[in-house]
Amino acid sequence: MSDTCIFCRIVAGTIPATIVASSDTAMAFRDLSPQAPVHVLVIPRRHTASLADAVDAAELGAVLALAAEVARIEGVAESGYRVVTNAGPEGGQTVSHLHLHVLGGRQMHWPPG
Ligand code: 5GP
Ligand code: ZN
């Protein structure tokens, strides 16, 4: 837990968020600034700065599995969706707590910007 990390504070319940799903290891909540009709962030409860710092394969698996569960809960598992993680400055990461974006409910395009 990092006192200065906004997502750690969401895990601790000191900053409000709309929780979509959770497990012992991971948590999913709606993005504050949604870029698609479905835009949910999935994070490990334990602070990890980014994918570059992730060392626990089981934890990563649990985060990915919760992302798939979110897609089912949000009703986009069949229509399709995108899971993306931004890592580091050139990856476009703005919050330094590992998170997967689950985006869906509209047509996604490639390549991303
Ligand atoms: P990144 O740019 O690091 O890949 O994604 C960070 C995401 O966190 C952004 O999509 C941003 O809208 C979201 N975000 C930033 N602060 C908050 C917050 O306090 N609550 C929630 N729910 N989302 C946030
Ligand atoms: Zn954190």
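Note that the structure is a prediction, hence the values are computed from the model and not measured.

Caption draft 1: Region of interest: helix H2 (residues 57–73). Its 17 residues place the ends of H2 24 Å apart at the C-alpha level, agreeing with the 24 Å of an ideal helix rising 1.5 Å per residue. Residues of H2 that are buried include every one of Glu-59, Val-63, Leu-66, Ala-67, Val-70 and Ala-71, and no others. Projected down its long axis, H2 carries its buried residues within an arc of 150 degrees, all on one side. Residues of H2 that are exposed and angled more than 90 degrees away from the buried face: Ala-57, Ala-58 and Leu-64. For H2, the secondary structure elements touched by its buried residues are strand S1 (19–22), strand S2 (26–30), strand S3 (38–44), strand S4 (81–84) and strand S5 (100–104). For H2, the side-chain oxygen to backbone nitrogen distance between the N-cap and Ala-58 is 3.1 Å, and the N-cap itself is Asp-56. Phi turns positive, to about 80 degrees, at Gly-75, one or two residues after H2.

Caption draft 2: The arrangement of the sheet that holds S3 in detail. As summarised here, the arrangement of the five strands in space is S1-S2-S3-S5-S4, forming an open sheet in which the pairing is antiparallel. Here the strands that pair on one side only, and so sit at the sheet edges, are S1 and S4. Averaged over all neighbouring strand pairs, the angle between strand axes comes to 20 degrees, with direction disregarded. By the bridge criterion, five bridges tie S2 to S3 in an arrangement that is antiparallel. Looking at S3, one finds that Phe-29 is bridged to Leu-41. Of the strands in this sheet, S1, S2, S3, S4 and S5 touch H2, which is tilted by about 155 degrees from S3.

Caption draft 3: Structural view of the coordination of the zinc ion (ligand 2). Donor atoms from the polypeptide that bind the zinc ion (ligand 2) are Cys-5 (SG), Cys-8 (SG), His-47 (ND1) and His-97 (ND1), placed at 2.1 to 2.3 Å. For the zinc ion (ligand 2), the four donor atoms in the first shell make angles of 105 to 117 degrees at the metal, so the coordination geometry reads as tetrahedral. Ordering the donors of the zinc ion (ligand 2) by residue number gives the pattern C-x2-C-x38-H-x49-H. In this pair, Cys-8 sits in helix H1 (residues 6–12) while His-47 sits in the loop between S3 and H2, placing the two residues 39 residues apart along the sequence. Looking at Cys-8, the relative accessible area reads 1%, which means it is buried. With relative accessibility at 31%, the residue His-47 sits in the partly exposed group.

Criteria and thresholds
- Residues numbered from 1 in each chain as written.
- Chains lettered and ligands numbered in written order.
- Predicted model: local features only at pLDDT ≥ 70, side-chain atom pairs only at ≥ 80, totals over all residues.
- Heavy atoms only, no water.
- Helix = DSSP H or I, 4+ residues; strand = E, 2+ residues; numbered from the N terminus.
- Expected span 1.5 Å × (residues − 1).
- Buried < 20%, exposed > 50% of the residue type's maximum accessible area, 1.4 Å probe, protein only.
- Arc of directions from axis to C-beta.
- Contact = heavy atoms within 4.5 Å.
- Polar contact = N/O pair within 3.5 Å; in protein donor to acceptor, adjacent residues only side chain to side chain.
- Pairing = 2+ DSSP bridges.
- Axes fitted to C-alpha atoms, helices over the stretch in contact; angles between N-to-C directions.
- Donors = N, O, S within 2.8 Å, 3.2 Å for Na, K, Ca; no water.
- Tetrahedral: all angles 85-135°; square planar, octahedral: opposite > 155°, others 65-115°.

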